[in-house]
Structures are given as C-alpha cells and as structure tokens.
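# Topology and contacts: notes
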Amino acid sequence: MAGSNRLGREASPYLRQHADNPVHWFPWGEEAFAEARERDVPILLSVGYSACHWCHVMAHESFEDEATAAVMNERFVNVKVDREERPDVDAVYMEAVQSLTGHGGWPMTVFLAPDGRPFFGGTYFPPQARHGLPAFTDLCRAVDESWRERRDDILGQAEEITEALQRPALTGRDGDLPDRAALASLPGSVAEQYDGEWGGFGKAPKFPQAMTLDLLLRAHARGLGGDDADPLRMATTSLDAMASGGIYDHLGGGFARYSVDAFWMVPHFEKMLYDQALLLRAYLHAWQLTGADRHRQVVDEVIGYVLRDLRHPDGGLFSAEDADSEGEEGRFYVWKASEIRDVLGDDTEAAEGAIGWYGVSPNGNFEGANILHRPVRGDIARPHAIERARAALFEARERRVRPGLDDKVLTEWNALFLSSLAEAAAATGDRSWGDAAIACGEFLLANLRRDDGRWLRAWQAEAGARHLAYAADHAAVVDAFTRLGELTGEARWTEAATEAAHALLDLFWDEETGGLHTTGDDAEALVARQQELLDNATPAANSNAAVALARLAALTGEARFDTAARRIVARLGGPALQHPTAFANLLAAADVLAHPLLEVVVTGDRPDLVEAVQRRWLPGAVLAWGERTASPLWEGREDDGRAYVCEAYACKSPATTVEDLLAQLPSVVV
C-alpha cells in the first residue's frame, strides 16, 4: 500500500522521494536487520542519491510499480540509503559490487544476508530483460530461490566477499615521502592520460578531474614541466574547453557533473556542490597564475550560482540540483531557436547574436533542442548585446519548472566550498564573498556540531542534524576553518580548526597503518571498517587531512598534526606517483611536505601587507595576522606593523613595505 513505508520521517530528500512507494522501505538501521532475521529473508539494499538520473529511472520503472513492489515485499526486507548521508555504507557495498561485477555506479542494488554480509549485487536493473541485464523481478525471484534452496552456497559466497572487504587495499607501512625529484616527474605522468585536443583526461564519459587540474597548476607554480608536458597548458586548455562546453551553465553559472562525450558538449545535467567547490578552486588558481579575465569570469559565475541557488538563508549550502525537471533530463537548460527569439522579441540584434554566440542550430544538439555552448573555445567574455540576451534568457528560464533541489546540508561538501570561497574572497578582496564564507562557517558550528563537540554529517531544515560525521567531514572542516582564519585574522577559526583536527585523530586514526578510518571509534560497526584512500569525485579523507594537517601544523606548531600528515603521505606516496590522477590531492599534500612551508606573519594593523600575501597564490605558504594565537609564529614579535617571512627555520629581514614583502615571496613567470 502506498505511503506504508518508513521513509517519510527521514531527513534525506532522496529518501523522502521514496516515502510513497508501494515498496515497504526501511531506512538503514537495526530495525531492518531485526525484521530480516525474524522473517529469515535477505535484505535488498538500494543505494542512490537525489541528483542521480538513473536512480529516478529505476524508481519510476520498478519501485513505483505495484507488481514489482509486491515481489520485493514478499521476498525481502527492503532498505533505502542516501549515499551522500551514509558514505560508509555506500563505500562498503560498492566495493562488494565492484568485486562481483567489475564495475559500479548508482543506483546500486545489493542483496545481503540478515547480518549485513553481501552475496550478490549490481547497479541498474530494467523492468524487462535487455542489453544483457535480467528483468529486475526475475532477478528478485532468482535470488529468493537461491536463498531458500541453496542457502549454504549463498552464505559461503557472503563470507568470501566479506573477508575480502575486511582486507585493507593498501597494507604497507610507512615508506619514504615523495621528494622533489619524484614530484618533478608528475607533469609527464599526467600527460600520458591527457587529451591534447579537448583537454581533460581519458575518454568519454569525461569528468572534470578538478584536483588533477589543480595539481598541474601547482606544478607550474613550482616551475616544473617542459615543452612536452607543460602543466599550465594542460590545465588551461582543459579549463577553457570545459567553460566553453555544454557542461557549463552559460546562463546561470556552475558546472554539471560530467560530460557523456569527450568534448564537454552533452552533460549529465545534475549540479553537485562539491563540483562547484573543486572547480572554483582550479579556476581561481588559474586566474591568480595567469591574470586571464576568462578564468575570473568563471570564478564569479560559479560563486554567484551557489550563493543564489544553493544557499540556505542562514548560510549553509544545499547539496545538489537534479538533472531532471518535469520528468525529462535537461529540460530546464535546453533551448530551441524559436524560444530564444520569443524571449528577446523585438531585440533582433540580441536574439540573432545569442543564437550565433551559443551555437544554436535548427536541429539542435540534444534531442531536438540546444545545449548552449561557445563554439569558439575559450572566448566566453560576452559583448554587450550578448550579455543583454543572457540576462533576458536567464530571467525567462527562472520561470520554468526548476530541477529538484536536494536541500540537505552536508558538512564535508559545505566545508569544501567554504575553503574555496575563503580563498576566493582573500584573493579578490570581495567582502560579500568573505561574509558568505563566514556565514557558512557559523552555520556549520551552530547546526552540525553537537553540544559535546561531536561533529555530525547532515542537516535538513525539517529534521535537524543526523549521522555521526566521518573522517572526510572532519578533514574538510579543518581545512575550511584554517582558511577562514587566514581570511579573517580571527583566532577563533584557527582554534576551531585545531579542535576538529584533534577530534579527527582521536576518533579515526589507525596507528597500525598510519591512516584514517572512514568511520569513528564511536560509530556503528559495519561488516568492514574501511579507509578512504583514492581521490575520486571528492578528495579522499586521508589526502584532504594530510593537506589540512600539514598547513595547520605550520600555523599552530602542533607536532602531532605534522606527524600524521607525513605518515599518510609516506604510506600512499608510492602508489600515488604511479597513478597520479587517482591520487591528485594526495600528491598536493606530498608537494606541501616536500618543500619547507613558507610562514608569513603580519603584525599590527597592516591591511596592505596582508592583501599583498592574499592576492598571490602561494600553494606552499600559510599566513598569520590579526588576532594572536598561542602559536610559536607569534613568539617574540611586537605589533610593529611589519611582515615576517620564514622558511626552513630561517627568517628573512622584516618587511615594512609591500615592495619589500613581495620581493621575499615566490613569483611565477607565466
């Protein structure tokens, strides 16, 4: 019966989307496992997220169908999980599915014994057999039959899979930190996967890989690379191609998740907060290195999109917007030439100009309509008539039915964007961005941290905060609050970063391997306790922690933080050098640790000196100014209005002018 399941009380918008399914869904929890034990049936675990197009397809085809639901309800206890709320559950069972099938993705469908051990799984299953996939109900019946008639075989397979899950992917102990010579080879290694024609890495479908692009920019800032592997060329070619392609929203700003083709034209239209965070960072650093207005334009428009469309009034940031609206993928974003002419009316110059500027054709490039793009790659600075057209088309689009909004606030994703926003505010001097960054930090402190100091993962207006935060949440918070401290000069942010860093190491650190578990010591025990090692769509918890802890150690003098950062990088440095695009953020941490961090302290009231440091991208530097902390950086220094630059336990002459200070900072020749 519709409305009979247990998802209506959940905080996740994705779970609530399934509250009226005829499937008797349970949320993840002991109630579901107890029901499975009582009925002696397997658990059917379905994992997805709100912006996942194929999750919606499978929901419409199967989970909303009474006959399919009857099969599921009779044979299984059915459990729905939002992977963004429970990345621990998702990671364990995704590894199981990948070991069984050789690939993974969402929606993810996994069959579990009542004790949680997986024995079979896959991703999307259609309502009728096609493309080598069985019909979903046929699969359900076959699994049920196997459970009843070949139970020993099923449980034997479950045991084998679980034992494999419990073996760590990398068991090596501390190795050597990658040195400068090893890091110098990175541009050449990345170039082997680089698409010289369209930018990016690999073939279709093509993901932005923002962390790899930022690693290349970092390599250029260090003076690495050569004609055959020019890191700046690889990075800017990719950034220009993406900002010109259909993956970028030319009317409202922001990037879609990925392109289904190799040339960035047809996106999977969902917009994720974490993509905006990571791509914002790459475009910001490209602008700081090159001074190119086109990169600054993307920075402005990405921030504008997030603060306009994904921001809670109190400062938190929502998670995503769907690909679909009115039941069609991309409908909100695509245009026909006649629609553009109708919107612009008598302004023929703007209408015809926009049709040419955005590559609009009579036949379209997506199911008879047009995904707006720039046919001239890298040329995105809009003339007056085109800007007039863009503004009118944007206003008209705002009257369309919007894609669904996932309005949960995730600690990790908010902190990722907060880090980039704080950097952007410092680099540009934009006070409104700085205010928004502070408001986001205040929101996290007020809503995602319990009275006892324990951080939580997710918040939603109707349900409040839920789920213990993971290592990735803590690592992102440490980095975000550290950068807020550098932006504002307020000691409270550095102190909050320090508290979060201690909690990170107290709850998640594994002394044996020298890394961080995904879940804390106080968390629910799953069939395996994993460590997040690879940099995928978001930075791995371990890599982000290594970057954040290394920088915070320089600001606070806490040896514990530096030691942990070095152990993480030493453990993963070897695999990272062999597979740089899979460990791009880890290699950024290796770069920080391979060079002595530049420590800059500005005393007294010298906003000109602070600005001189903030406006330049210094990937190997930290900045202390404003309110004093207990850090050794402040020892013996008076409020004399001078800047002190120290490196490798040696300090240069105090700088009293901007010119003197800039002469002591690294410079990049573009």
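Heads up: these notes are all about the structure in this document.

The rules behind the values
Residues numbered from 1 in each chain as written. Predicted model: local features only at pLDDT ≥ 70, side-chain atom pairs only at ≥ 80, totals over all residues. Heavy atoms only, no water. Pairing = 2+ DSSP bridges. Helix = DSSP H or I, 4+ residues; strand = E, 2+ residues; numbered from the N terminus. Disulfide = S-S within 2.5 Å. Buried < 20%, exposed > 50% of the residue type's maximum accessible area, 1.4 Å probe, protein only. Expected span 1.5 Å × (residues − 1). Contact = heavy atoms within 4.5 Å. Axes fitted to C-alpha atoms, helices over the stretch in contact; angles between N-to-C directions. Salt bridge = Lys/Arg side-chain N within 4 Å of Asp/Glu carboxyl O.

Here we come to the sheet that holds strand 9 (residues 320-321). In space, the 3 strands of this open sheet follow the order 8-9-12, with antiparallel pairing throughout. Looking at which strands have only one partner, the edges of the open sheet turn out to be strand 8 (271-272) and strand 12 (405-406). Summarising the sheet, strand 9 and strand 12 pair through 2 bridges and their orientation is antiparallel. Note on strand 12: the bridge partner recorded for Glu321 is Leu405.

The final tally for this structure, using the stated rule, is 2 disulfides. Each disulfide pairs two cysteine sulfurs, and for Cys52 the partner residue is Cys55, the sulfurs being separated by 2.3 Å. On the sign convention where negative means left-handed, the S-S torsion of about 80° between Cys52 and Cys55 marks this disulfide as right-handed. Taken as a pair, Cys52 and Cys55 share a single burial class, namely buried. The disulfide partner of Cys646 is Cys651, and the gap between their sulfur atoms is 2.0 Å. The sign of the S-S torsion, about 100°, decides the handedness of the disulfide formed by Cys646 and Cys651: right-handed. Across the protein, the disulfide pattern expressed with sequentially numbered bonded cysteines is 1-2, 3-4. For the unlinked cysteine Cys140, the closest cysteine sulfur is that of Cys55, found at 16 Å.

Moving on to helix 11 (residues 231-244). Taking 1.5 Å per residue as the helical rise, helix 11 with its 14 residues ought to reach 20 Å, and the 20 Å between its terminal C-alpha atoms agrees with that figure. The buried count for helix 11 comes to 12 of 14 residues, which makes it a mostly enclosed element. Within the span of helix 11, buried status applies to Pro231, Leu232, Met234, Ala235, Thr236, Ser238, Leu239, Asp240, Ala241, Met242, Ala243 and Ser244. Looking at the buried residues of helix 11, the elements they touch are helix 9 (186-191), helix 10 (210-221), helix 12 (273-290) and helix 13 (293-309).

Residue Pro107 is bonded to the preceding Trp106 through a cis peptide linkage, with omega at 5°. For Pro107, the location among the structural elements is in the loop between helix 5 (87-101) and strand 4 (108-112). Positive phi outside glycine occurs at His131, with the angle close to 55°. Examined against the element boundaries, His131 turns out to sit in the loop between strand 5 (118-122) and helix 6 (136-149). At Glu367, a residue that is not glycine, the phi angle is positive and equals roughly 55°. Following the sequence through the fold, Glu367 ends up in the loop between helix 15 (348-357) and helix 16 (384-397).

Here we take up the sheet that holds strand 18 (residues 598-602). Within a sheet, each strand pairs with its neighbour through backbone hydrogen bonds, oriented either parallel or antiparallel. The 4 strands are arranged 19-18-20-21 in an open sheet whose pairing can be described as mixed. Two strands close off the open sheet at either side, each with one partner strand: strand 19 (621-625) and strand 21 (650-651). Most of the contacts of helix 24 (residues 607-614) go to strand 19, to which it runs at about 160°, and overall it touches strand 18, strand 19 and strand 20 (643-647).

Quick look at the pattern of salt bridges now. Side-chain pairs of opposite charge can arise whenever the charged atoms involved come near each other. Tallied over the entire structure, the rule returns 57 salt bridges. Across the pair Arg75 and Glu74 runs a salt bridge whose closest N-O atoms are separated by 3.2 Å. Look at Arg75 and you get buried, because its relative accessible area is 15%. We classify Glu74 as exposed; its relative accessible area is 55%. Residues Glu301 and Arg382 are paired through a salt bridge, measuring 2.7 Å at the closest nitrogen-oxygen approach. Residue Glu301 is located in helix 13, and its partner Arg382 is located in the loop between helix 15 and helix 16; the two are separated by 81 residues in the primary sequence. According to the relative accessible area criterion, Glu301 is buried, its value standing at 15%. For Arg382, a relative accessible area of 23% puts it in the partly exposed group. Salt bridges sharing partners connect three or more residues here, namely Arg308, Asp309, Glu321, Glu398 and Arg402.

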